Amino acid sequence: MRCPFCSHEDSQVKDSRPSEDGAAIRRRRQCEGCGARFTTFERVQLRDLTVVKKTGEREPFDRAKLERSIAIACRKRDIAPERIERLVSSIQRQLETRGDEVQAVQIGEAVMDGLNAIDHVAYIRFASVYKDFTEPGDFADIAGKVGEQPAAEGSERKAEKPADEGKLL
Ligand SMILES: [Zn+2]
């Protein structure tokens, strides 16, 4: 645990005991660098997300599955795996803050927002599968949203040449 005062990497645990409500372990630590004392809390994080599909069917949230579907959309797009990993983590965090149950639709929208900020081709690929395009109008709708809603993820790719999208359209 990094010292909050001097950023030294190592600290010694001086004392460890459950918090009053038993929901966390409280540890008194002393920095091995500057000797400062501070307290950390270790908490149980037990949020088993359940995904509610459009049909009303429920299934446990599967991070690996989410990662796979994003990876497929990003195939051959020169996007670092760490980038995808970060996107998946940020989506998972978003979902976890909303409660124990998430709508499948919310996951899809979160992925689309994320991909739209990273790579427009991946975004359109994902959207076409996710939205299950049946009419040309659906496609135009999504294509029109390319580049909208810049998210926290990678604005550095914004200037990417639009030639790629031309091919797809
Ligand atoms: Zn320190």
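Above this text is the structure in question.
Remember, predicted model here, so these are calculated numbers, not experimental data. Every chain begins its residue count from 1, and numbering advances along the sequence as written. Totals for whole chains, interfaces and linings use every residue, but because this is a predicted model, local features are given only for residues with pLDDT of at least 70 and side-chain atom pairs only at 80 or more, for both listing and counting.

1. Brief notes about the overall build of the chain
Move 1: For the chain, the helix and strand inventory stands at 6 helices and 6 strands.
Move 2: Partly exposed residues are those falling between the two cut-offs: more than 12 but fewer than 20 other C-beta atoms within 10 Å of their own, whereas 20 or more means buried and 12 or fewer means exposed, with C-beta atoms placed from the backbone. Taken over 169 residues, the chain has a buried fraction of 18%.
Move 3: Whether two residues are in contact is decided by their C-beta atoms, placed from the backbone, lying within 7 Å. Counting only contacts in the chain whose residues sit at least 6 apart along the sequence, the fraction spanning at least 24 positions is 48%. Where helices and strands are cited, they refer to DSSP runs of H or I of at least four residues and of E of at least two residues respectively, numbered from the N terminus.

2. Concerning the nonpolar core
Move 1: Of all hydrophobic cores here, the largest spans 22 residues; its most connected members are Ile70, Val111, Leu115, Ala122, Tyr123 and Phe126.
Move 2: Looking at this core, the elements that each hand over two or more residues are helix H1 (63-73), helix H2 (81-96), helix H3 (104-118) and helix H4 (120-130).
Move 3: Element by element, the count of residues in this core is highest for H3, at 7 residues.
Move 4: Setting aside chain neighbours within four positions, we find Phe126 in contact with Ala73, Val111, Met112 and Leu115. Residues of type Ala, Val, Leu, Ile, Met, Phe, Trp, Tyr and Cys that are buried and joined through C-beta atoms within 7 Å form what is called a nonpolar core.

3. So, the sheet that holds strand E6 (residues 101-103)
Move 1: At least two DSSP bridges between two strands are required for those strands to pair. Within the open sheet, the 3 strands sit side by side as E5-E4-E6. Their pairing is mixed. The open sheet is flanked by strand E5 (58-60) and E6, the only strands paired with a single partner. Across the sheet, the mean angle from the axis of one strand to that of its neighbour is 30 degrees, orientation sign disregarded.
Move 2: Bridge count between strand E4 (residues 50-52) and E6: 3 bridges; the pairing is parallel. The residue of E6 that forms the bridge with Val52 is Gln103. Interaxial angles span 0 to 180 degrees and are taken between N-to-C directions of axes, which are lines fitted to C-alpha atoms, for helices over the stretch in contact.

4. With respect to H2
Move 1: By this rule, a helix spans an expected 1.5 Å times one less than how many residues it contains. In a regular helix each residue adds 1.5 Å, so 16 residues correspond to 22 Å; H2 covers 22 Å between its end C-alpha atoms and thus fits that length.
Move 2: Taken together, the buried positions of H2 are occupied by Ile84, Leu87, Val88, Ile91 and Leu95. The buried residues of H2 occupy an angular sector of 100 degrees when the element is viewed end-on, so they sit on one face. Structural note: H2 exposes Glu82, Ser89 and Arg93 on the side pointing more than 90 degrees away from its buried face. The arc in question is formed by the directions pointing from the helix axis toward the C-beta atoms.

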